[in-house]
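# Architecture and fold: a report
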Amino acid sequence: MAIIVIAAALITVSCKKETVKLAGTKWEASVSIVDGFHGEYLMTFVSDSTGMMDESVMEGDEVDAETLPFTYTFDGKEHGTLKIETVGDTVHFLYSKSSGKPTITIQLSDEEMQEMGFSSLVFHQQ
């Protein structure tokens, strides 16, 4: 009977996902579209609830670069939300380590972005 209880406890512990901390990490993503649009993004999680997103977008000959502060929540496993302070947009993100390397995927809801041919940004940890 004791062996069954110990085995059940070990199975429960081994099935739990490890808690992930994003504070102090940097992530990068890039997007290129045939129509001459190219975007580079660097996301830095400064603390357990704040961060900065450096965005550099080239469209034709025009370059637009800015740094966007954000706040975020993260469940320590997979799901989080990110709120870009200057625009007030809130987006959802998904953390995954299924491919061996950690990624964060942000689903975009902006219709203009989707019309340009992409609906998500996939960030890779630096």
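Residues numbered from 1 in each chain as written. Predicted model: local features only at pLDDT ≥ 70, side-chain atom pairs only at ≥ 80, totals over all residues. Heavy atoms only, no water.

## Quick notes on the packing of aromatic side chains
Counted only if it meets this: Stacked, edge-to-face and tilted labels apply to pairs of Phe, Tyr and Trp rings (six-membered ring for Trp) whose centres lie within 6.5 Å, assigned for plane angles under 30 degrees, over 60, and everything in between, in that order. In this description a helix means any DSSP run of H or I spanning at least four residues, a strand means any run of E spanning at least two, and both kinds are numbered starting from the N terminus. Exposure categories follow from relative accessible area, calculated using a 1.4 Å probe and restricted to protein chains: below 20% of the type maximum is buried, above 50% is exposed, and the middle band is partly exposed.
Summed over all chains, the structure comprises seven aromatic pairs. On the numbers, 5.6 Å between centres and 80° between planes, the contact of Phe 45 with Phe 70 is edge-to-face. Of the two residues, Phe 45 is situated in strand β2 (residues 37-45) and Phe 70 in strand β4 (residues 62-74); the sequence distance between them amounts to 25 residues. A residue is classified by how much of its surface remains accessible, and Phe 45, at 1% relative accessible area, is buried. Relative accessible area serves as the criterion here: at 1%, Phe 70 is assigned to the buried category. Three or more aromatic residues joined by ring pairs make a cluster, and in this case those are Trp 27, Phe 45, Phe 70, Tyr 72, Phe 74, Phe 93 and Tyr 95.

## Overview of the pairing of strand β8 (residues 120-125)
Note the following rule: At least two bridges found by DSSP between two strands is the condition for calling them paired.
Relative to β8, strand β1 (residues 26-33) runs antiparallel, the two sharing two bridges. Opposite Glu 28, over in β8, you have His 124 as the bridge partner. In the sheet, strand β7 (residues 103-107) pairs with β8 via five bridges, with the strands oriented antiparallel. Counted as the bridge partner of Ile 104 is Phe 123 from β8.

## Some details on a negative patch on the surface
The test is simple: Patch definition: residues above 30% relative accessible area lacking any salt bridge, with like charges linked at up to 9 Å and the nonpolar side chains Val, Leu, Ile, Met, Phe, Trp and Tyr linked at up to 5 Å. Accessible areas in this description were obtained via Shrake-Rupley with a 1.4 Å probe; residue shielding takes into account the shown protein chains only. The rule for a salt bridge is simple: a side-chain nitrogen of Lys or Arg has to be within 4 Å of a carboxyl oxygen of Asp or Glu. Charge convention: Lys and Arg are scored as positive, Asp and Glu as negative, and His as well as the terminal groups of each chain are ignored. To locate a charge, the coordinates of NZ of Lys, CZ of Arg, CG of Asp or CD of Glu are taken.
On the surface, a cluster of negative charge is made up of Asp 35, Glu 59, Asp 61, Glu 62, Asp 64 and Glu 66. Looking at the negative patch, the element that brings in the most residues is β4, giving three residues. One can find Asp 61 in the loop between β3 (50-59) and β4.

## Here's the deal with the side chain of Thr 103
What counts here: In what follows, a contact means two residues having at least one pair of non-hydrogen atoms within 4.5 Å.
Within the fold, Thr 103 resides in strand β7. Excluding residues that lie within four positions of it along the chain, Thr 103 makes contacts with Trp 27, Leu 94, Tyr 95, Ser 96, Val 122, Phe 123 and His 124.

## A closer look at the sheet that holds strand β5 (residues 79-84)
Going by this rule: Only the contacting stretch of a helix is used when fitting its axis, a line to C-alpha atoms as for every element, and angles between N-to-C directions run 0 to 180 degrees.
Judged by pairing direction, the barrel is antiparallel, and its eight strands sit side by side in the order β1-β2-β3-β4-β5-β6-β7-β8 before closing back on the first. Each adjacent strand pair in this sheet contributes to an overall mean axis angle of 30°, direction not counted.

## Some remarks on the environment of Tyr 72
Secondary-structure assignment places Tyr 72 in strand β4. Note: C-alpha distance between Tyr 72 and Asp 48 (24 residues apart in sequence) is 7.9 Å. Sequence-distant contacts of Tyr 72, that is, excluding residues within four places in its chain, are made with Leu 22, Ala 23, Phe 45, Ser 47, Asp 48, Ser 49, Thr 50, Thr 81 and Leu 82.

## Some points on the environment of Val 122
Within the fold, Val 122 resides in strand β8. The residues touching Val 122, leaving out its near neighbours within four places in the chain, are Glu 28, Ala 29, Thr 103, Ile 104 and Thr 105.

## Observations concerning the nonpolar core
For clarity, the threshold we go by: Each nonpolar core is a collection of buried residues, namely Ala, Val, Leu, Ile, Met, Phe, Trp, Tyr and Cys, held together in the definition by side-chain atoms within 4.5 Å.
Within the largest apolar cluster, 27 residues are counted, with the highest numbers of intra-cluster contacts made by Leu 22, Tyr 41, Met 43, Ile 104, Ile 106 and Phe 123. Contributions of two or more residues to this core are made by β1, β2, β3, β4, β5, β6 (89-96), β7 and β8. Ignoring any residue separated from it by four or fewer positions in sequence, one finds Phe 123 in contact with Trp 27, Glu 28, Ala 29, Tyr 41, Met 43, Met 53, Pro 102, Thr 103, Ile 104 and Ile 106.

## Re the side chain of Thr 25
What counts here: Distance and chemistry together define a polar contact, namely a pair of N or O atoms within 3.5 Å, with one atom able to donate a hydrogen and the other to accept it when in protein, and with adjacent residues in sequence counting only for side-chain atoms on both sides.
Residue placement: Thr 25 occurs in the loop between α1 (2-15) and β1. Using a relative accessible area of 12% as the deciding quantity, one classes Thr 25 as buried. A distance of 2.5 Å separates a polar side-chain atom of Thr 25 from the backbone oxygen of Leu 22. A distance of 2.8 Å separates polar atoms of two side chains, one belonging to Thr 25 and the other to Trp 27. If we skip the residues at most four places from it in the chain, Thr 25 touches Met 43, Thr 44, Phe 45 and Gln 125.

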